[in-house]
Amino acid sequence: MPTPPQPQPPLIGISTYQEEARWGVWALPAALLPAGYPRLVQRSGGLPAMLPPGAPETAAATVARLDGLVIAGGADVSPARYGAEPHPRTGPPALDRDAWELALIEAALAARVPLLGICRGLQLLNVALGGTLVQHLEGHVGPPGVFGRHEIAAVPGTLLSAALPEPVAVPTYHHQAVDRLGRGLVVSAYAEDGTIEALELPNAPALTLAVQWHPEAGDDTRVMEALVTAARGTTTAGV
């Protein structure tokens, strides 16, 4: 008998930077993504696809082709998005990314596509649901361009606690954090200093989880595996 075809890996879209970059003899605008992101998706059983900033009105059509979505780290969210004046330590916003990724988040929630926010992605999820941000805090970065490391603990009974039942040390690089929670969100992890380190939307029809740290910079695949597992439940890939 012929061997039945195997299920295809779920397609996981990952939002990207859009920056001026140099390689070889070239210096051009580029869609950039640290290699840790697609590698983490691959190690977790998914198929990564880069999603550079585009027209927000195309976000729904983009998400409709995905089985899961990752909103990656990056620049500070524009304070105008949550009705605040810029703090002196707030960095220049990436306005194209803000518009694109907020549209992706809204589309994923509407289409019941599993969603994972990472660092900036957590902050954008909170802002998308009406929350606000602390624009500067100390102690959650290493030297410039180097990840720090600190321990986080998941809140018992949350979705995150099923993936990370024990306290873990995580790679971290952020100077902003959640202030007022967005609609329906619950805190699912804290740092030792009380900073919110993870959020989830427990009443969402698909996994909606965000972490303030950078799992793509470490060896622990469990958070991404939770997204890929949820995406397998929504995949339309042939079997």
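**What to know about the sheet that holds strand β5 (residues 68-71)**
Strand order in this open sheet of nine strands is β4-β1-β5-β6-β13-β12-β11-β8-β9, and the pairing throughout is mixed. Edge positions in the sheet fall to β4 (47-51) and β9 (168-172), since each has one partner strand and no second. Taking each pair of neighbouring strands and ignoring which way they run, the sheet shows an average axis angle of 25°. Bridge count between strand β8 (residues 148-154) and β9: five bridges; the pairing is antiparallel. In the strand pairing of β9, Arg149 is matched with Pro171. Where helix α3 (residues 95-111) meets the sheet, it contacts β1 (11-15), β4, β5, β6 (115-118) and β13 (208-211), and its direction lies at approximately 150° from that of β5.

**Looking at unusual backbone geometry**
Residues other than glycine seldom take positive phi values, yet Arg112 does so here, at roughly 60°. Tracing the sequence through the fold places Arg112 in the loop between α3 and β6. The backbone of Cys119 sits at a positive phi, close to 55°, despite the residue not being glycine. Within the secondary structure layout, Cys119 lies in the loop between β6 and α4 (120-128).

**Structural notes on the environment of Cys119**
With a relative accessible area of 6%, Cys119 lands in the buried category. Between the alpha carbons of Cys119 and Ala177 there is a distance of 8.7 Å; along the sequence they are 58 residues apart. With residues near it in sequence (within four places) discarded, Cys119 still touches Gly73, Tyr173, His174, Val211, Gln212, Trp213 and His214.

**So, the side chain of His214**
Mapped onto the secondary structure, His214 falls in the loop between β13 and α6 (222-232). If we skip the residues at most four places from it in the chain, His214 touches Tyr37, Gly73, Ile118, Cys119, Phe147, Pro171 and Tyr173.

**Some points on a nonpolar patch on the surface**
On the surface, Trp23, Val25, Trp26 and Leu28 cluster together to form a nonpolar patch covering roughly 450 Å² of accessible area. On the secondary structure map, Leu28 appears in strand β3 (residues 26-32).

Each value, and the rule that gives it
Residues numbered from 1 in each chain as written. Predicted model: local features only at pLDDT ≥ 70, side-chain atom pairs only at ≥ 80, totals over all residues. Heavy atoms only, no water. Pairing = 2+ DSSP bridges. Helix = DSSP H or I, 4+ residues; strand = E, 2+ residues; numbered from the N terminus. Axes fitted to C-alpha atoms, helices over the stretch in contact; angles between N-to-C directions. Contact = heavy atoms within 4.5 Å. Buried < 20%, exposed > 50% of the residue type's maximum accessible area, 1.4 Å probe, protein only. Patch = residues over 30% accessible without salt bridge, like charges linked within 9 Å, V, L, I, M, F, W, Y side chains within 5 Å. Areas by Shrake-Rupley, 256 points an atom, 1.4 Å probe, with all protein chains shown as cover. Salt bridge = Lys/Arg side-chain N within 4 Å of Asp/Glu carboxyl O.

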